[in-house]
Amino acid sequence: MTRLNVNPTRMEMRALKSRLKTAVRGHKLLKDKSDETVRRFMEYVRLNRKLRRETEAEVTAALKAFLLASAANSPESIAEAVEVPAREVRLKSGECNIMSVYVPQIEIEEGDDKELYPYSFATVSSELDDSLKNLGKVLVKLIRLAEVEKTCNMLADEIEKTRRRVNALEYVLIPDYEETIKYITMKLDENERANTIRLMKVKSMLEKESGGR
Amino acid sequence: MPNDRIAAVGDKDSVFAFKALGVDVFGVEAVEDAAKTIKALAREYSVIFVTEDVAEANAELIARYKARPYPAVIPIPGANGTNGFGMRGIDACVEKALGRNLEEE
């Protein structure tokens, strides 16, 4: 790895050592976070798969039924029947914190339980009633699917980010610090040795001088 | 900011039924035209259901909303069944998170 460009002094080494300590600690924490996030993510993915498999079949069935029902009636009467909904769906949306990721929490608000069918039964056939009833049930599930799928997407994003950080610490930052600290230690030791030798040399020169006298 | 409402985007036959339930329905004629509609809706709605064929054509746009809490853009099958785009979305998500896809049943 590359050595950082710093002066080989005791002060720099002290600062680097404390930074290395922080980096190691951060690496450990991030790794733990990533492990736990993956665990939670797997739970959500399993749920997501299950929900999607169920809803996909149900939505298709309900929409098909609606198409068949609208085929049995004139397009104008269907448009007239459905165009102005009798009720309005409202969502209760909040946020929920999973491993410091803010994921949405969506709930369908069962407001005033008004009539589901926005038309008079006399004008259209009964197939339409059935298909709308089923679709109403599926919608609740679809909202749950939306919540779970969004959570999965966001957790996946977060896991990817955390993994990048962990890898950057593990393979770049920490080795860099370690190498720089080693370099400074060697340099300081080398200076120390040079100093000792110089002193010894001076001493022997002095001795020689006084011995000659 | 989300307005706690639901929108549905897709070909008219598929999504029209949602209208009766109080979902705001936006029919799109050509699959490619949906991009503008989705962009506009993303500013307002909390949940946007998009039929799979439309979602597949605008996958890039939809991927942009994945990292934010709102809106949730969710592909749903149309009246003529699913083409597996929604499931592939989950697989892609797993692959992104774990680096590879786990075959699990």
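Residues numbered from 1 in each chain as written. Chains lettered and ligands numbered in written order. Predicted model: local features only at pLDDT ≥ 70, side-chain atom pairs only at ≥ 80, totals over all residues.

Caption draft 1: Spatial organisation of the overall build of chain B. Secondary structure assignment for chain B yields five helices and four strands. Reading the helices (α) and strands (β) of chain B from amino to carboxyl end gives β-α-β-α-β-α-α-β-α. Each principal axis of the C-alpha distribution contributes one length, and for chain B these read about 40 × 35 × 25 Å. Per-residue burial over chain B gives 47% buried out of 105 residues. Of the contacts made within chain B by residues no fewer than 6 positions apart, 55% connect residues no fewer than 24 positions apart. (Helix = DSSP H or I, 4+ residues; strand = E, 2+ residues; numbered from the N terminus. Buried ≥ 20, exposed ≤ 12 C-beta atoms within 10 Å, placed from the backbone. Contact = placed C-beta atoms within 7 Å.)

Caption draft 2: Representation of the environment of Arg 19 of chain A in the model. Structurally, Arg 19 of chain A can be placed in helix α1 (residues 10-72). On a C-alpha basis, the gap between Arg 19 of chain A and Ile 174 of chain A in space is 9.2 Å, while along the polypeptide they are 155 residues apart.

Caption draft 3: Quick peek at unusual backbone geometry. Residues and elements named next belong to chain A. Unlike most non-glycine residues, Met 99 shows phi in positive territory, near 50°. Residue position: Met 99 is located in the loop between β1 (90-98) and β2 (101-109). The class for Met 99 is partly exposed, based on 17 C-beta atoms found within 10 Å. Not every positive phi belongs to a glycine, and Ser 100 is a case in point at roughly 60°. Positionally, Ser 100 belongs in the loop between β1 and β2. Residue Ser 100 is classed as exposed on the basis of its 9 C-beta neighbours within 10 Å.

Caption draft 4: Spotlight on the nonpolar core. In terms of nonpolar packing, the biggest core is built from 63 residues, with Val 9, Val 47 and Ile 48 of chain B touching the most fellow members. Here this core gets 15 residues from one element, more than from any other, and that element is helix α3 (residues 126-212) of chain A. Those residues in contact with Val 47 of chain B that lie beyond four places of it in its chain are Leu 91, Ile 106, Ile 143 and Ala 146 of chain A together with Ile 6, Pro 71, Ala 72 and Ile 74 of chain B. (Core = buried A, V, L, I, M, F, W, Y, C linked by C-beta atoms within 7 Å.)

Caption draft 5: A look at the interface of chain A and chain B. Every contact between the two is made by 47 residues of chain A and, on the other side, 36 residues of chain B. Mapped onto the side of chain A that touches chain B, the elements with two or more residues apiece are α1, α2 (75-83), β1, β2 and α3 of chain A. By residue number, the principal contributor to the side of chain A that touches chain B is α3 of chain A, which donates 19 residues. The residue makeup of the side of chain A that touches chain B, split by class, is 28 nonpolar, six polar and 13 charged. (Nonpolar A, V, L, I, M, F, W, Y, C, P; charged D, E, K, R; others polar.)

Caption draft 6: Layout of the sheet that holds strand β1 (residues 6-10) of chain B. All names here are of chain B. Strand order in the open sheet made by the four strands is β2-β1-β3-β4, with parallel pairing throughout. Both edges of this open sheet fall to β2 (24-27) and β4 (72-76), since each of them pairs with a single strand only. Neighbour-to-neighbour, the strand axes of the sheet open up by a mean angle of 20°, direction not taken into account. Summarising the sheet, strand β3 (residues 47-51) and β4 pair through five bridges and their orientation is parallel. Paired with Val 47 across the two strands is Ala 72, which belongs to β4. Helix α2 (residues 34-42) contacts β1, β2 and β3 of the sheet and is inclined by roughly 175° relative to β1. (Pairing = 2+ DSSP bridges. Axes fitted to C-alpha atoms, helices over the stretch in contact; angles between N-to-C directions.)

Caption draft 7: Quick look at the packing of α1 of chain A against helix α5 (residues 85-98) of chain B. Packing of α1 of chain A against α5 of chain B leaves a shortest axis separation of 10 Å and a crossing angle of 170°. Overall, the two elements α1 of chain A and α5 of chain B adopt an arrangement that is roughly antiparallel. Taking contact as the criterion, the partners of Val 38, Phe 41, Val 45, Asn 48, Arg 49, Arg 52 and Glu 56 of chain A in α1 of chain A are, on α5 of chain B, Gly 86, Met 87, Ile 90, Val 94, Ala 97 and Leu 98 of chain B. (Parallel < 35°, antiparallel > 145°, perpendicular 65-115°, else oblique.)

Caption draft 8: Region of interest: the pairing of β2 of chain A. Residue and element names in this part refer to chain A. Sheet topology note: the β1/β2 ladder contains nine bridges and is antiparallel. From the neighbouring strand, Arg 90 faces β2, where its bridge partner is Glu 109. Where β1 folds back on β2, the antiparallel hairpin that results is connected by two residues, among which Met 99 adopts a positive phi of roughly 50°.

Caption draft 9: Representation of the pairing of β3 of chain B within the structure. Residue and element names in this part refer to chain B. For β3, the tally of buried residues reaches five of five residues, placing the bulk of the element in the interior. Burial along β3 is two-sided: Val 47, Phe 49 and Thr 51 facing one way and Ile 48 and Val 50 facing the other are all buried. Strand direction decides the pairing type here: β1 and β3, joined by four bridges, are parallel. Each bridged residue has a counterpart across the sheet, and for Ala 8 the counterpart in β3 is Phe 49.

Limitation: the analysis is restricted to geometry and does not speak to function.
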